[in-house]
Amino acid sequence: MAEEKLTTRSEDFSEWYNQIVLKAEMADYAPVRGCMVVRPYGWALWENIVSALDKEFKATGHVNAAFPTLIPMSFFEKEKEHVEGFAPELAVVTHGGGEKLEEPLVVRPTSETIIGYMYSKWVKSWRDLPILIVQWGSVLRWEMRTKLFLRTSEFYWHEGHTAHATKDEALEEMYRILDIYENFAVNEAALPVIKGRKSDTEKFAGAQITTSIECMMQDKRALQSGTSHYFGQNFAKAFDIQYLDTNNTLQFCETTSWAISSRIIGAIIMTHGDDQGLVLPPRLAPIQAVIVPIYKNDAEKSKVMETANRIFAELKAAGIRLKMDDRDNVSSGFKFNDWEMRGVPVRVEIGPRDVEKGSVALARRDRPGKEGKSFVPQTNLAAAVSGLLVEIQSALLARATAFRDANIHEPKDYEELKQVVQDGWAFSYWCGSKECEARVKEDTKATTRNIPLDQPKGEARCIVCGEKAAQKVYFAKAY
RNA sequence: CGGGGUGUGGCUCAGACCGGUAGAGCGCACGGUUCGGGUCCGUGAGGUCGAGAGUUCAAAUCUCUCCACCCCGACCA
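Note that the structure is predicted; figures quoted are calculated from it, not measured. (Residues numbered from 1 in each chain as written. Chains lettered and ligands numbered in written order. Predicted model: local features only at pLDDT ≥ 70, side-chain atom pairs only at ≥ 80, totals over all residues. Heavy atoms only, no water.)

1. Some remarks on the protein's contact with RNA strand B
Point 1. Neighbouring RNA strand B are 37 residues, the closest being Arg 145, Gln 224, Ser 331, Glu 340 and Asp 354.
Point 2. For RNA strand B, the fraction of atoms within 4 Å of the protein that belong to sugar or phosphate moieties is 35%.
Point 3. Within the side chain of Arg 263, a nitrogen or oxygen atom sits 3.1 Å from a sugar or linking oxygen of RNA strand B.
Point 4. Broken down by secondary-structure element, the contributors of at least two residues to the surface near RNA strand B are α10 (332-341), β17 (346-350), α11 (352-357) and β19 (373-377).
Point 5. Looking at which element gives the most residues to the surface near RNA strand B, the answer is α10, with six residues.
Point 6. Looking at the surface near RNA strand B, its residues break down into twelve nonpolar, eight polar and 17 charged. (Near = heavy atom within 4 Å. Polar contact = N/O pair within 3.5 Å; in protein donor to acceptor, adjacent residues only side chain to side chain. Helix = DSSP H or I, 4+ residues; strand = E, 2+ residues; numbered from the N terminus. Nonpolar A, V, L, I, M, F, W, Y, C, P; charged D, E, K, R; others polar.)

This is how it looks when you write it as structure tokens:
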């Protein structure tokens, strides 16, 4: 149950976040270092995320499958960059059944290797391609500093792994998925995101191209909210994924992989939450509306509950995800705060006065307090609530977009860049060199987030070194 | 792995300098009261004081060793 006041965002953003996660009962600390327990309310949100994405993947020809959690250590050693990238964070199983294993097994930090191994068995002919498989599950990475949802040792995700005959098809797949991610983020989670390509230093271990969607949190730090990678033939060569083309010539496949993790829940919290607690986008909220009946004696209770139950049935029939809060051991004021902490988009208050007047009070979560409360007639309430849910969904996106845009700067020189990334993002021309990128990181702790796919025409000078630059990049401090 | 900190009912902590009957608030259970923005009262359950060793008639408290967790830095979805 939610307790007293929340630490405010301005007091301590990080503490505010921790408290929301715990008080809204999204997750809790597990007895294992760096691990979390996703509680039912948090998992219900995750399930809504899963089903929205799953629907899109299936609509684009993907199928789900499951691969083992344990991967032979030797598999990791087959792709040089991959093993170098992941070696420091592997958990390794050395014993089984009381005996030392002949070969240690790695608890998967990601599944490119074992899936690559299987693909090499399955792919023989151009007719076997493409393979478009998605695995939903969890992975384990031995993280040094963890934070609920944002970075835990074990986390939940899907990982898509595809194999194609040609480079063009693989690239097309990578971008198709990035579009799905963008659509999901914007339309379901109300997260304004920027699609772009990662710099060489920021890309995935073993990838030729890594793309991402990046989102600005309310503390103005960036959060990578989804990634899609093109591997070229790197993994195909490491795992011998080959097919015979129509000319009977042996060819290596082109592969991709992509993921959105439970981290996206952290993005939703840090983008939409306020000082009252969580604010959930209606399309993903496990509970879209809560009914709070108000009464002070049994006579009032029976009258109010009769109306409340009738309204509950109407809203339920309209397909609204709904909760009746009929607890009578807590006051209604407590309930208001409690549901605000949990981020329920719409609250329907029904008291004796409403029963008399044939009205209800509707409170919208994106505008807490009196401002967001209105009295509306009971007739056609389902339509009113549905309409309000749509309105809240778009209001959240609009607010987050305005906030982001207000905090993206285009500094005129390097001095100004160093300033703006302390409390915002910089969008600047960059020559593409590792040296300039490293210098920015050294001087400011900000890194390149991504090079947006939509680039302005023309070229200019690199903000750091002044050499010719053909592309603009976002610099920001990131999670 | 470096630097800092903390371990006492479910949670937040007091008690420790100066050794002597384990405490408070919140939460929880029960009864009543209240309910249009975090009600109030009463009763009650609940603790090997992180672990081990030592000093002492006596240790939550003093000494030593160990362990765990948190915060700050280097890696990451």
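Alright, that's what it looks like, and here's the rest.
2. With respect to the pattern of salt bridges
Point 1. Taken as a whole and judged by the stated rule, the model has 32 salt bridges.
Point 2. Here Asp 275 ties to Arg 9 by a salt bridge, and the two come within 2.8 Å at their closest N and O atoms. On the criterion of sequence distance, the pair formed by Asp 275 in the loop between α8 (263-272) and β15 (289-293) and Arg 9 in the segment before α1 (13-23) is long-range, its members being 266 residues apart.
Point 3. A relative accessible area of 26% places Arg 9 in the partly exposed class.
Point 4. For Asp 328, the salt bridge identified is with Lys 301, shortest N-O distance 3.1 Å. Here the residue Asp 328 occupies a position in the loop between β16 (322-324) and α10, and Lys 301 occupies one in helix α9 (residues 298-317), the gap between them amounting to 27 residues.
Point 5. Its relative accessible area of 26% is what places Lys 301 among the partly exposed residues.
Point 6. In the salt-bridge network here, residues are joined through shared partners; they are Glu 25, Asp 325, Arg 327, Lys 335, Asp 338 and Arg 342. (Salt bridge = Lys/Arg side-chain N within 4 Å of Asp/Glu carboxyl O. Buried < 20%, exposed > 50% of the residue type's maximum accessible area, 1.4 Å probe, protein only.)

3. Some thoughts on the packing of α1 against α8
Point 1. Where α1 contacts α8, the two axes come as close as 11 Å, and the packing angle between them is 115°. As for how α1 packs across α8, the hand of that crossing is right-handed. Mapping the contact onto sequence places Phe 13, Trp 16, Tyr 17, Ile 20 and Val 21 in α1 and Gly 266, Ile 269 and Met 270 in α8.
Point 2. By residue class, the composition of the contact of α1 with α8 is seven nonpolar, one polar and no charged. (Axes fitted to C-alpha atoms, helices over the stretch in contact; angles between N-to-C directions. Left-handed = near helix turned anticlockwise from the far one by under 90°. Contact = heavy atoms within 4.5 Å.)

4. Overview of the pairing of strand β18 (residues 359-364)
Put simply, side chains in a regular strand alternate between the two faces of the sheet.
Point 1. By the criterion of burial, β18 is predominantly enclosed, with six of the six residues buried.
Point 2. The alternating pattern of β18 places Ser 359, Ala 361 and Ala 363 on one face and Val 360, Leu 362 and Arg 364 on the opposite face, and all of these are buried.
Point 3. Both β17 and β18 contribute to a ladder of four bridges, which runs antiparallel. Within β18, the position partnered with Val 346 by the bridge is Arg 364.
Point 4. For β18 and β19, the ladder comprises five bridges, and the chain directions are antiparallel. Paired with Ser 359 across the bridge in β19 is Pro 377. (Pairing = 2+ DSSP bridges.)

5. Structural notes on the sheet that holds strand β11 (residues 222-232)
Point 1. Pairing is mixed across the open sheet formed by eight strands, whose spatial order is β3-β7-β8-β14-β11-β10-β9-β23. Looking at strand neighbours, the two that pair on one side only are β3 (63-64) and β23 (451-452), the edges of this open sheet.
Point 2. Pairing of strand β7 (residues 131-140) with strand β8 (residues 154-164), which is carried by ten bridges, proceeds in the antiparallel orientation. Paired with Gly 137 across the strands is Trp 157, a residue of β8.
Point 3. In this fold helix α6 (residues 167-188) packs onto β7, β8, β9 (194-197), β10 (209-216), β11 and β14 (254-261), with an angle of close to 10° to the strand it touches most, β14.

6. Side note on the domain arrangement of chain A
Point 1. As assigned here, chain A comprises domain 1 (13-272), domain 2 (289-391) and domain 3 (408-476).
Point 2. Taking only C-alpha atoms, the centre of domain 1 and the centre of domain 3 are 28 Å apart.
Point 3. Opposite the 19 residues of domain 1 that make contact, domain 3 presents 17 residues.
Point 4. Of the roughly 1500 Å² buried between domain 1 and domain 3, counting both surfaces, carbon and sulfur atoms make up 57%.
Point 5. Taken together, the links from domain 1 to domain 3 amount to three salt bridges.
Point 6. Here domain 1 and domain 3 share twelve residue pairs in polar contact (both at pLDDT 80 or more) between them.
Point 7. Of all elements in the fold, only α6, β9, β10 and β11 reach the threshold of two or more residues within the side of domain 1 that touches domain 3.
Point 8. Class assignment of the residues belonging to the side of domain 1 that touches domain 3 gives a composition of six nonpolar, five polar and eight charged. (Domains from an automatic or database assignment. Buried area = accessible area lost by both parts, 1.4 Å probe.)

7. Details of the packing of helix α2 (residues 40-59) against α6
Point 1. In the contact formed by α2 and α6, the axes pass within 11 Å of each other and the chain directions differ by 140°. Handedness of the α2/α6 crossing: right-handed. Across the interface between the two elements, Ile 49, Ala 52, Leu 53, Glu 56 and Phe 57 from α2 touch Ile 177, Ile 180, Tyr 181, Phe 184 and Glu 188 from α6.
Point 2. Here the contact of α2 with α6 is built from residues that sort into eight nonpolar, no polar and two charged.

8. Notes on the sheet that holds strand β4 (residues 70-72)
Point 1. One open sheet holds the three strands; their spatial order is β4-β6-β5, and the pairing between them is antiparallel. At either margin of the open sheet sits one strand with a lone partner, and together these are β4 and β5 (91-96). Averaged over all pairs of adjacent strands, the angle between strand axes in this sheet comes to 50°, irrespective of strand direction.
Point 2. The pairing of β4 with strand β6 (residues 99-107) spans three bridges and is classified as antiparallel. Looking at β6, one finds that Leu 70 is bridged to Val 107.

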